[in-house]
Amino acid sequence: MSGPSVLMLTRYGQLGASTRLRFLAYRPALREAGIRLTEAPLLDDAYLQALYAGRRPSRRTIAAAYARRIAALRSARRYDLVWLEKEALPWLPAGAEAAAGLGSVPYVMDIDDAWFERYAGHRLAPVRALLGDKFATLARNARIVLAGNPYLADWARGAGARDVRILPTVVDLARYPVQPLPEPAASPAGAGGPVTVGWMGSPSTARYLGLIGSALARLGRAVRLRVVGAAGRDLPCPLPVPAAFVPWSEESEAGELAGFAIGVMPLPDDPWERGKCGYKLIQYMAAGRPVVASPVGVNATLVQHGVNGFLAEDEASWTEAIGRLAADPDLRARMGAAGRRLVEERYNLGAAAPSLVQALRDAAAGQGAWP
């Protein structure tokens, strides 16, 4: 069945996690459904490579990216629908985006973090005055808002969005084969060596590991930390425990997760963090690993305390949770299996794709709450 033509205005290319997971991963399913996609990323992989390496992209690079995006917006009338990742022109007001062409055809806005906080809570008053309500305006004018979790959905409704649908960030299960836990099931922690506590993410979020440094230090030789996707320089201060830092790549991701015995996701309970979609936890659980996480935002929904992992909010509870899992391989196996079942049921591409297909079809056809 033929579907609408969709201009996909993503923020990044394949290297950008949000773009890769919430847009590009769906390409096969959308094309199979007859939806015709045209990709127009704002920033390419070279931009992110430079950023992650600590190099500031040149003004010429940024100017070229904005020129490409404005050209894409001006072409929007050739399509039935625009599928927008977050915003079209960062650091420019919604009026500038509209003048460039956003809204000339219906658009679906996708939001997977509390991006509205970046402007509304900015330390500079001029930024707050100029851009503080930008995301609310974008949500109100969207035909449909796709929110990564209930917190973001509630914000969008409060901003005046007419049609808000929750689309979690999910995994492709084919890329996450369940492999045995790295420690022998019959060997308790200590006798068989330290248990690997793993964290996977981007350099910008590695700072959260500082929240559990003291807990890991208290556990001593029972655990070791492995950090995938960040370097020691990405932390505000050195961790008080030995840690191995390794680069992330799509090709090595599954193998790295297989080396984890426990996956962790510490977060502060702040507005930005409440908007996170818990993707780390979904990855760990897809790999059949038990998890320990801060009870912030959607984490409290993903982690069924005592079933597929533990929720921990202070040093004592983090120490206890990791310590229990480190000492009990059978508990790790049971919780890991429970997490895998949850992902198989709800947090994978096969489960999420039909909802996305329907949303794009509805938006292009003018269905839903929007006139």
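So, a few notes on the structure that sits alongside this text. (Residues numbered from 1 in each chain as written. Predicted model: local features only at pLDDT ≥ 70, side-chain atom pairs only at ≥ 80, totals over all residues. Heavy atoms only, no water.)

This part covers the pattern of salt bridges. Applying the stated criterion across every chain, the model contains 19 salt bridges. A salt bridge links Asp112 to Lys86, with the nearest nitrogen and oxygen atoms 3.5 Å apart. Note that Asp112 is positioned in the loop between strand 4 (107–111) and helix 6 (116–120) and Lys86 in the loop between strand 3 (81–85) and helix 5 (94–100), a separation of 26 residues in sequence. Of the residues examined, Lys86 reaches a relative accessible area of 1% and is grouped as buried. Lys134 is the salt-bridge partner of Glu97, the closest N and O atoms lying 2.9 Å from each other. Of this pair, Glu97 sits in helix 5 while Lys134 sits in helix 8 (residues 134–141), and the two are 37 residues apart along the sequence. With respect to burial, Glu97 and Lys134 carry one shared label: buried. A single network of salt bridges, built from pairs that share partners, joins Arg11, Glu87, Glu97 and Lys134. (Salt bridge = Lys/Arg side-chain N within 4 Å of Asp/Glu carboxyl O. Helix = DSSP H or I, 4+ residues; strand = E, 2+ residues; numbered from the N terminus. Buried < 20%, exposed > 50% of the residue type's maximum accessible area, 1.4 Å probe, protein only.)

Next up on the list: the sheet that holds strand 7 (residues 195–200). Taken together, six strands build an open sheet; the order of strands is 9-8-7-10-11-12 and the sheet is parallel. Looking at strand neighbours, the two that pair on one side only are strand 9 (243–246) and strand 12 (309–311), the edges of this open sheet. Each neighbouring strand pair of the sheet contributes to a mean axis angle of 20°, computed without reference to strand direction. As judged from the three bridges shared by strand 10 (residues 262–265) and strand 11 (residues 291–293), these two strands associate in the parallel manner. (Pairing = 2+ DSSP bridges. Axes fitted to C-alpha atoms, helices over the stretch in contact; angles between N-to-C directions.)

Here the focus is the nonpolar core. Counting residues in hydrophobic clusters, the biggest one holds 120 residues, and the most contacted among them are Trp83 and Ile322. Of the residues forming this core, the biggest block, eight residues, is contributed by helix 17 (residues 349–365). Core analysis: the next-biggest nonpolar cluster, separate from the first, contains six residues, Tyr12, Tyr47, Leu48 and Ala65 among them. (Core = buried A, V, L, I, M, F, W, Y, C linked by side-chain atoms within 4.5 Å.)

On to the packing of aromatic side chains, then. In this structure the tally under the stated criterion is six aromatic pairs. Aromatic ring contacts, followed pair by pair, group Trp91, Tyr119 and Phe135 into a single cluster. Here the guanidinium or amino end of Arg11 rests over the ring plane of Trp115, the centre of that ring lying 4.7 Å away. (Phe/Tyr/Trp six-rings, centres within 6.5 Å; stacked < 30°, edge-to-face > 60°. Lys NZ or Arg CZ within 6 Å of the ring centre and 35° of its normal.)

Attention now goes to helix 13 (residues 279–286). When you tally the buried positions in helix 13, you get eight out of eight residues, the bulk of the element. Within helix 13, burial applies to Tyr279, Lys280, Leu281, Ile282, Gln283, Tyr284, Met285 and Ala286. Residue Gly288 follows helix 13 closely and has a positive phi angle near 80°.

Put simply, helix 15 (residues 315–327) and helix 16 (residues 329–346) touch, their axes get as near as 5 Å, and they point 105° apart. With respect to their mutual orientation, helix 15 and helix 16 come out roughly perpendicular. Residues Arg324, Leu325, Ala326 and Ala327 of helix 15 form the contact with helix 16, whose own contacting residues are Pro329, Leu331, Arg332 and Met335. Broken down by class, the residue content of the contact of helix 15 with helix 16 amounts to six nonpolar, no polar and two charged. (Parallel < 35°, antiparallel > 145°, perpendicular 65-115°, else oblique. Contact = heavy atoms within 4.5 Å. Nonpolar A, V, L, I, M, F, W, Y, C, P; charged D, E, K, R; others polar.)

This brings us to the packing of helix 13 against helix 16. Two measures define how a pair of helices packs: the angle their axes make with one another and the distance between the axes. Direction vectors running N to C along helix 13 and helix 16 enclose 110°, while the axes themselves pass 7 Å from each other. Overall, the two elements helix 13 and helix 16 adopt an arrangement that is roughly perpendicular. When the axes of helix 13 and helix 16 are compared, the crossing they make is left-handed. Across from Ile282, Met285 and Ala286 in helix 13, the residues of helix 16 making contact are Gly336, Gly339, Arg340, Leu342 and Val343. Residues belonging to the contact of helix 13 with helix 16 are distributed by class as follows: five nonpolar, two polar and one charged. (Left-handed = near helix turned anticlockwise from the far one by under 90°.)

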